[in-house]
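# Structure assessment
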Amino acid sequence: MKKFNIRKVLDGLKEASSSTPSVQVGPQENHLIQETLQSEHFQLCKTVRHGFPYQPSSMAFDPVQKILAVGTQRGALRLFGRPGVECYCQHESGAAVIQLQFLINEGALVSALADDSVHLWNLRQKRPAILHSLKFSKERMTFCHVPFQSKWLYIGTERGNIHIVNVESFMLSGYVIMWNKAIELSSKAHPGPVVHISDNPMDEGKLMIGYESGIVVLWDLKSKKADYRYTHDEAIHSVAWHHEGKQFICSHSDGTLTIWNIRGQGKPIQTITPHGKQPKDGKKPEPCKPILKVEYKTTRSGEPFIIFSGGLSYDTVGRRPCLTVMHGKSTAVLEMDYPIVDFLTLCETPYPNDFQEPYAVVVLLEKDLVVIDLAQNGYPIFENPYPLTIHESPVTCCEYFADCPADLIPALYSVGSRQKRQGYSKKEWPISGGNWGQGTQSYPEIIITGHADGTVKFWDASAIMLQVLYKLKTAKVFDRNRSKDDKGSTEVSDEDPFAIQIMAWCPESRMLCVAGVSANVIIYRFSKLEVTTEVVQLLEVRMQYELNETESPDGGGEQTSAHPTPGASPQTSGPPSHPSTSSNNSDGGNMPCLKVRSTPLKQSPGYQVDLVVQLVWVSGEPPQQITSLALNSSYGLVVFGNSNGLAVVDYIQKTVVLNLGTVELYGSNDPYQRQPRSPRKSRQPSGGLCDINEGSATSEDRCKSPTSDHRDNSFSRSRSSSVTSIDKEARESISSFHFCETFARKGDSTLTPCLYVGTSLGTVLVLALTLPPAGEQRQLQPVIISPSGMLVRLKGSVLRVAFLDSTGSLLPPIHEPWYEPNITADGEEREKVRKRRPVSVSPSTSQDLSESQYAVVCSEKQAKVISLPSQTCIYKHSITETSFVLRADVVQMSQGMCVACFCANGHIMTLSVPGLRPLMDVNYLPLTDMRIARTFCFTNLGQAMYLCSPTEIQRITYSQDTCENLQEMLGELFTPVETPEAPNRGFFKGLFGGGAQSLDREELFGEISAGKASRSLAQHIPGPGGIEGMKGAASGIVGDLARARIALDERGQKLGELDERTAAMMTSADSFSKHAHDMMLKCKDKKWYQF
């Protein structure tokens, strides 16, 4: 382990030239803190992706492995097994996935992309990889089909041709079905692209080809000619077989279904318009919307199911998208919340020539995945166990907590389990394939998401899983109906007035505080008991930015910091009704953006509102959005800041303790020459969630929703390094807070509770807190706050402040343990619990020997370590010159502490503390949108997360330990399962040649008979996931052994099947010879005319 001894400052090294890696400043020979973290402890990799696949485009299901695959418009592939077994893969090209096909029970998947490439994925490893790819250059692919237990893939094209690919070698066969051979010679028009390919369930030698124009061809593969052609005057969208192979059904663009006999070529035997109005006079029913897909599934003990999407009549305006299930005489129309992308019927058998016995329908919607139970009356849906509701309302902010108190997840789960909906199917979730990982890494992890509709969701994120625990609706605190004559609603009306902007949470005390986009702060306590709150406690705060040379700042609070300012009117009822609220006069009134409800509020177990704080309009201007927020459960204080200043609220006494303008925090030591400004000028709310490309926003945009990827750190803002004068319109906003027991002033010998304030101009200021003693006094005596001056200045906005003790370990903010707030009887016990934890104070004798604490401060540009109480900067490091840091956290790794930073240029970095040595710097991802910037979080033990799309959370790790254990933690998608037995052919079918006809495709499509395909047609690209690639991926020799074992199992299985088939053939041959002998004896003596 390397000791970090501070050397003397290099001669001529100025503070300004901090582009050197890590500069040590000042003559401290005694800072000998051992740094345990080294570069080898860090490695960056993606762990798992949770949530609904963004912009899904296709879907497939393996009925034996019971795995679902979903492809997206951006080339992503998501695989789902049993709850907790999920996998994410990405096609390099990023082209849309137009079709997916499993090689059933083979552990392989074929994907066809919009860029005319087709890929074979190997699913027999924890991280699936592409084994082969084929890129077509002359023709565009429109449809693919792999028959069950076949190694030949049929690919239909836009030109109407069909090519055949060997799945094992991914080489094209010379056998091609050309469109002009398939259709009748007499027909002049091109039949259009291929929209369907499938083989007759009872005869593999007959291939059904559907063309868009309405022509269906039954092609004989052996004789290479069309057996039958079926023409219809409406365009075809899909085709489905009856399992006996004598009938098929087509869906058309006019909302009709046609049913055909394979031998009756002329006309369909039946034409149905399921949703068309039937006219009285026997005319054709009116056309409907296209039926995009139909499935025809049979049951042994009843009527078949016809299931289709689309086909509604055109007069149903505003009708939601529907899936229709026709079963016998009953027709059920199931309305969906979003447009249908695709659906699949899940059946008991993988064999197409057996009774299908459908039991469920998986419906892939644009923003949801629904599974319908076909076996229960009323077709209820299954309760979805996957975390697919992240985007139920758009996510506006996130927080991530690793290594939480152990009792938190059970507590949240118990209150959240009461919020579940009723009426789900009683059956087990049908997508149940794969096995969970064997990872040993287990510490409680919680992700909290804030949403545009004001909901806050708590998720259990332990051990690479994700499961919703509890959902809090903050909008319940407000009146939903805002009347139009309100000043607050006409000026700042917006679609998401309840959106959550910042969250502060204390896991130990379970206190929660949220700041909303409408300049409101709500403080919640956690309770296991239901309670009805008669009146929601409300505080209104006026925060005003005044800087006139002549007047003293009156709206920004008084200089005396001990008492609540006159500008803050504590109230327990709704906002005061000023006569001037509706008139737009110079005063403008004290209107908040939202109206707190005046009726009693029933609060279920879970998070219950304790206090609402609202910023009100001042002098006709809307309040500025809140830019920073913090709470401390031990002090009973919440602090929030914006571009006007900060306010400290005592939520125990329900009062405003301090309301100060930013300028007044400096007192007379203001380093900036600020220009006086007129309050009438239009002002720029710098805290607003303004758009990426806009540097400013008008006051109309003040309560704008953050859903469209807004954030206050606008990318185009100039970052002037000069801090001597401030532009007239720029404001210094409060960017971060930190509560801590530390040395308030230079040279102090005792620790006092403090609040550290970081600003957007890079200043860190200290406020000393004087708290009344615990117990009854805490309820009565005021909290006194006195500004103690400036600690340090950095380049760029201050993002994070943290404290280390003299050994270099993190000093967590002190907190009180959780107690049940709704029990009043046990008063004494409660007071004991509420007493503040004593803090160990270093003896002052050691003061002259070494410093007792270190403050770690990180801004958008640099990091500094300050030793306390001498307030000297002992280390500093320039993090970035050209970009800026978006998120910085001081985190605990298993080997020690570090600072983790995420830069706007996509770099993720870690620095040691206190030495600020760079330990890791990875160019991870370019910042493509503000969503990543707004949702990126680091947490302890090397975990981090961000929203990679509006619907998905991507988790990453920067810990070497986790990267090494990841392979074990990931679930297995493929599990060796025996393929079910083929359906019994029956005695008479065996005797008289009925039943399924098999075909030697190898003989037909192989190179010997079919020849080679044209080289220019498609290019073969070997994938990285060949056996060589698999070796590393499947964790070395263990994976090889497992693969060998599976291969042996399968070989044995296939040999066993061969034995059974041979035995069946022998018995059928025996029975045939016996019958033939009997016939011969019977007929031996008969004359020809007696037959």
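So, here's what we can say about the structure. (Residues numbered from 1 in each chain as written. Predicted model: local features only at pLDDT ≥ 70, side-chain atom pairs only at ≥ 80, totals over all residues. Heavy atoms only, no water.)

Of regular secondary structure, the protein possesses 13 helices and 61 strands. The buried share of the protein, reckoned over its 1091 residues, is 56%. Within the protein, counting contacts between residues at least 6 apart in sequence, those at least 24 apart form 61% of the total. With the model as given, the accessible surface of the protein reaches about 47400 Å², and the carbon-plus-sulfur share is 52%. (Helix = DSSP H or I, 4+ residues; strand = E, 2+ residues; numbered from the N terminus. Buried < 20%, exposed > 50% of the residue type's maximum accessible area, 1.4 Å probe, protein only. Contact = heavy atoms within 4.5 Å. Areas by Shrake-Rupley, 256 points an atom, 1.4 Å probe, with all protein chains shown as cover.)

Counted according to the given criterion, the structure contains 28 salt bridges. Glu-392 is paired through a salt bridge with Lys-457; the nearest N and O atoms lie 2.8 Å apart. One end of the pair, Glu-392, is in the loop between strand S29 (369-373) and strand S30 (395-402); the other, Lys-457, is in strand S32 (residues 455-460), with 65 residues separating them in the sequence. You can call Glu-392 partly exposed: its relative accessible area is 47%. Residue Lys-457 is classed as buried on the basis of its relative accessible area of 2%. (Salt bridge = Lys/Arg side-chain N within 4 Å of Asp/Glu carboxyl O.)

This paragraph deals with the sheet that holds S29. One open sheet accounts for 3 strands, arranged S27-S28-S29; its pairing is antiparallel. Because the sheet does not close on itself, it has two edges, and the strands there are strand S27 (340-347) and S29. Across this sheet, the average inter-strand angle for adjacent strands is 20 degrees, counted without regard to direction. Pairing geometry for S27 and strand S28 (residues 358-365), over 7 bridges, is antiparallel. What sits directly across from Ile-340, in S28, is Leu-365. (Pairing = 2+ DSSP bridges. Axes fitted to C-alpha atoms, helices over the stretch in contact; angles between N-to-C directions.)

Three or four residues apart is the spacing at which side chains of an α-helix point the same way, because the helix has 3.6 residues per turn. Within the span of helix H2 (residues 408-416), buried status applies to Leu-408, Ile-409, Ala-411, Leu-412, Val-415 and Gly-416. Looking down the long axis of H2, one finds its buried residues gathered within 165 degrees of arc, a one-sided arrangement. Packed against the buried residues of H2 are strand S31 (445-451), S32, strand S33 (467-473), strand S34 (500-506), strand S36 (520-527) and strand S41 (606-615). (Arc of directions from axis to C-beta.)

What follows covers unusual backbone geometry. In this structure, the amide linkage connecting Leu-868 to the following residue, Pro-869, adopts the cis form with an omega of 5 degrees. Tracing the chain through its elements places Pro-869 in the loop between strand S52 (862-868) and strand S53 (872-878). A cis geometry characterises the amide bond from Val-913 onward to Pro-914, with omega recorded as 0 degrees. Tracing the sequence through the fold places Pro-914 in the loop between strand S56 (907-912) and strand S57 (918-923).

Let's shift gears to the state of the cysteines. By the definition in use, this model includes 0 disulfides. In this structure Cys-740 is not part of a disulfide, and its nearest cysteine sulfur, from Cys-754, lies 7.7 Å away. Just so you know, Cys-901 is unpaired, no disulfide at all, and the nearest cysteine sulfur is the one on Cys-858, 4.2 Å from it. (Disulfide = S-S within 2.5 Å.)

A few words on the packing of aromatic side chains. Between two aromatic rings, the relevant description is the distance of the centres plus the angle of the planes. Taken as a whole, this structure holds 24 aromatic pairs when the rule is applied. On the basis of an interplanar angle of 45 degrees and a centroid distance of 6.0 Å, the ring pair of Phe-458 and Tyr-470 is categorised as tilted. Note that Phe-458 is positioned in strand S32 and Tyr-470 in strand S33, a separation of 12 residues in sequence. Owing to a relative accessible area of 0%, Phe-458 belongs among the buried residues under this scheme. Looking at Tyr-470, the relative accessible area reads 3%, which means it is buried. (Phe/Tyr/Trp six-rings, centres within 6.5 Å; stacked < 30°, edge-to-face > 60°.)

If you walk across this open sheet you meet the 4 strands as S3-S4-S5-S6, and the pairing is antiparallel. Both outer strands of the open sheet, strand S3 (56-62) and strand S6 (86-90), are each paired with one neighbouring strand and no more. Taking each pair of neighbouring strands and ignoring which way they run, the sheet shows an average axis angle of 15 degrees. In this structure, S3 lies alongside strand S4 (residues 67-72), joined through 6 bridges in antiparallel fashion. Paired with Ala-60 across the two strands is Ala-69, which belongs to S4.

For the rest of this paragraph, the subject is helix H8 (residues 960-969). Regarding H8, the residues found buried are Gln-960, Thr-962, Cys-963, Leu-966 and Met-969. Lining the buried residues of H8 we find strand S2 (42-51), strand S59 (943-949) and strand S60 (952-959). Capping the start of H8 is the job of one residue whose side-chain oxygen sits 3.2 Å from the backbone nitrogen of Asp-961: Ser-959. (Polar contact = N/O pair within 3.5 Å; in protein donor to acceptor, adjacent residues only side chain to side chain.)

We now examine the pairing of S59. Counting buried positions along S59 gives 7 out of 7 residues, so the element sits mostly inside the fold. With 3 bridges connecting them, strand S58 (residues 937-939) and S59 associate as antiparallel partners. Its bridge partner lying in S59, Cys-937 is registered against Met-945. In sequence, S58 turns back onto S59 through a hairpin of 3 residues, with Leu-941 there showing a positive phi of about 60 degrees. Two elements, S59 and S60, share 6 bridges in a ladder whose sense is antiparallel. Bridged to Met-945 within S60 is Arg-955. Where S59 folds back onto S60 in an antiparallel hairpin, the turn is made up of 2 residues.

A separate point is the side chain of Arg-78. Along the chain, Arg-78 falls in strand S5 (residues 76-80). One polar contact links the side chain of Arg-78 to the main-chain carbonyl oxygen of Gly-51, over a distance of 2.7 Å. Ignoring sequence-local partners within four residues, the contact set of Arg-78 consists of Arg-49, His-50, Gly-51, Phe-52, Pro-53, Leu-68, Ala-69, Val-70, Glu-86, Cys-87, Tyr-88 and Glu-952.

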